[in-house]
Amino acid sequence: MPSPKPVRASSGRSSSVSGVGSGSSGRYEFMSLTRTPPLSPSSASQLLQRQGSDPTTARLRASESPNRRRRGSASSNASTSSTGGGQQLPEEDCMHLNPSIISVALSSLLAVDLWLSKRLGVCACEEASWGSARPLMKLVEISGHGIPWLIGAVYCMYKSDSAAGQEVMLNLLMALVLDLVLVAIVKAVVRRRRPAHNRMDMFATFSVDRYSFPSGHATRAAMCARFLLAHLVLAAPLRVLVMLWAVFVGLSRVLLGRHNVTDVAFGFFMGYCQYNLVEALWLSPATLQSMMGQLE
Ligand SMILES: CC(C)=CCC/C(C)=C/CC/C(C)=C/COP(=O)(O)O
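Residues numbered from 1 in each chain as written. Predicted model: local features only at pLDDT ≥ 70, side-chain atom pairs only at ≥ 80, totals over all residues. Heavy atoms only, no water.

The name given to the protein in an unreviewed UniProt entry is Polyisoprenoid diphosphate/phosphate phosphohydrolase PLPP6, and the organism recorded there is Hemibagrus guttatus. Of the comments in the UniProt record for the protein, the one headed Sequence similarities (unreviewed entry) reads "Belongs to the PA-phosphatase related phosphoesterase family." (UniProt positions renumbered as here; feature names shortened; annotations may be inferred.)

So, in C-alpha cells, the structure goes:
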C-alpha cells in the first residue's frame, strides 16, 4: 500500500498543479498528480475525474460534455470505492487521503527535530548566542574525529609490549574502520542534508560527510566509549569521564549546528550496536594466525 510522500513545493510543476487542487485535501491530490506522466488531453480529463470533491474541479467537470462525463463515470465506477458522502473516488486517492498514524507521527517528530536542532545550534557561528564557545566545541569535535582515533590505535598497538594489548588495539582499529564504512553507507543511502545553519568548516571529511544522518562522531563516541569501558581497566572517575566525553561529543554536534538531534540520537544507537558487532567479529591471535596462514 503506497504511503504519502513528502511534497516538494518548490518545483514549477508542483505549484501549478497544486493550484488546481486547493482545499484541505489538496496535498494528497497533488501527490497523485505528480506521479502522472505529462498531460495529454485524454489523461487531463482522467485527472479531472479524480478531483471529484474539489469545487474548482467541479466547475471544470461541469464544462465537460455530458457524453464524456457519462463515459468517464461509467469507467471509473469499475475501479472506485464509495465514500461516506456518496461520492466516488479512486481507491488510490482514498489511501492518500488517509495517511497512516505512523507517517503523521514521523512528520511531527521531524518537525520537532528541525525546530529543536535550530534552537540548540547556539555555537553554529561566532555571531550566534554562544558563539564564543565555538572554539571549545571544535576541540571536542576533534576529540571524536576519525583521524586522531586511527592514529592513536596504531600508535598504541605499535607501542604495546604485551600480546593482549596488541590484540585489543588491533580490534579497536578494526572497529574504527568498520564504523567509517557503515556510517558512509548509511549516509549515502539516507542522504539527509546537514542543517542549513551549519558552516561546513570541518577538517578532513569524505564526500559523504556532506550528509548528516547519522552523526559519525556520535557513532564513534558511543562505540569507542563501550570499547574502552569493556577492555581497559579504569578507575570509577575515569569511567564516568569516558561516558561524559561521549555524551559531550554528541551534544557538541548539535550545538555546532552540524547535526539535527535525531542524527545524533541514531548515531549513539548505531555506535552502541556496532560494538556488539565488533565483539562478534573479534580478532583473536588464533584467528589472525589462521588468516595469515590462508594468505601464505
Ligand atoms: C586514514 C583515513 C582514510 C582516515 C579517514 C578519517 C576521516 C576523514 C574520517 C571522517 C570523520 C568525519 C569528519 C566524520 C563526520 O562526522 P559527523 O559527525 O559530522 O557525521
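Here the narrative resumes.
Undergrad: I keep staring at the side chain of Ser212 and nothing clicks. Help me out?
TA: With respect to the helices and strands, Ser212 occurs in the loop between helix H10 (163-190) and helix H11 (216-231). Engagement of the side chain of Ser212 in a polar contact is seen with the backbone oxygen of Arg193, the distance being 3.4 Å. Discounting chain neighbours no more than four positions away, the residues touching Ser212 are Lys187, Arg192, Arg193, Arg194, Arg258, His259, Asn260 and Asp263. (Helix = DSSP H or I, 4+ residues; strand = E, 2+ residues; numbered from the N terminus. Polar contact = N/O pair within 3.5 Å; in protein donor to acceptor, adjacent residues only side chain to side chain. Contact = heavy atoms within 4.5 Å.)

Undergrad: Is there a simple way to think about a nonpolar patch on the surface in this case?
TA: Together, Leu136, Leu139, Ile142, Ile147, Ile151 and Phe203 line one region of the surface with nonpolar side chains, adding up to about 560 Å² of accessible area. Elements supplying a minimum of two residues to the nonpolar patch: helix H8 (134-143) and helix H9 (146-159). It is H8 that contributes the most residues to the nonpolar patch, three residues altogether. Topologically, Phe203 is positioned in the loop between H10 and H11. We classify Phe203 as partly exposed; its relative accessible area is 40%. (Patch = residues over 30% accessible without salt bridge, like charges linked within 9 Å, V, L, I, M, F, W, Y side chains within 5 Å. Areas by Shrake-Rupley, 256 points an atom, 1.4 Å probe, with all protein chains shown as cover. Salt bridge = Lys/Arg side-chain N within 4 Å of Asp/Glu carboxyl O. Buried < 20%, exposed > 50% of the residue type's maximum accessible area, 1.4 Å probe, protein only.)

Undergrad: What am I meant to see in the packing of aromatic side chains here?
TA: When we look at a pair of aromatic rings, we describe it by the centre distance and by the angle of the planes. Tallied over the entire structure, the rule returns five aromatic pairs. When the centroid spacing of 5.6 Å and the interplanar angle of 40° are considered together, the rings of Trp149 and Trp245 count as tilted. In this pair, Trp149 is assigned in helix H9 and Trp245 in helix H12 (residues 236-255), connecting sequence segments 96 residues apart. For Trp149, a relative accessible area of 15% corresponds to the buried category. With a centroid separation of 6.1 Å and 90° between ring planes, the pair formed by Phe227 and Tyr275 is classed as edge-to-face. Of the two residues, Phe227 sits in helix H11 while Tyr275 sits in helix H13 (residues 261-280), which places them 48 residues apart along the sequence. Like Tyr275, Phe227 is buried. Joined through ring pairs, the aromatic side chains of Phe213, Phe266 and Phe269 make up one cluster. (Phe/Tyr/Trp six-rings, centres within 6.5 Å; stacked < 30°, edge-to-face > 60°.)

Undergrad: So what exactly am I meant to see when it comes to the environment of Met169 here?
TA: By the element assignment, Met169 lies in helix H10. By relative accessible area, which is 14% here, Met169 ends up buried. Remark: the alpha-carbon pair of Met169 and Tyr158, spanning 11 residues in sequence, is separated by 9.0 Å. Other than its neighbours up to four places away in sequence, Met169 contacts Ala153, Cys156 and Met157.

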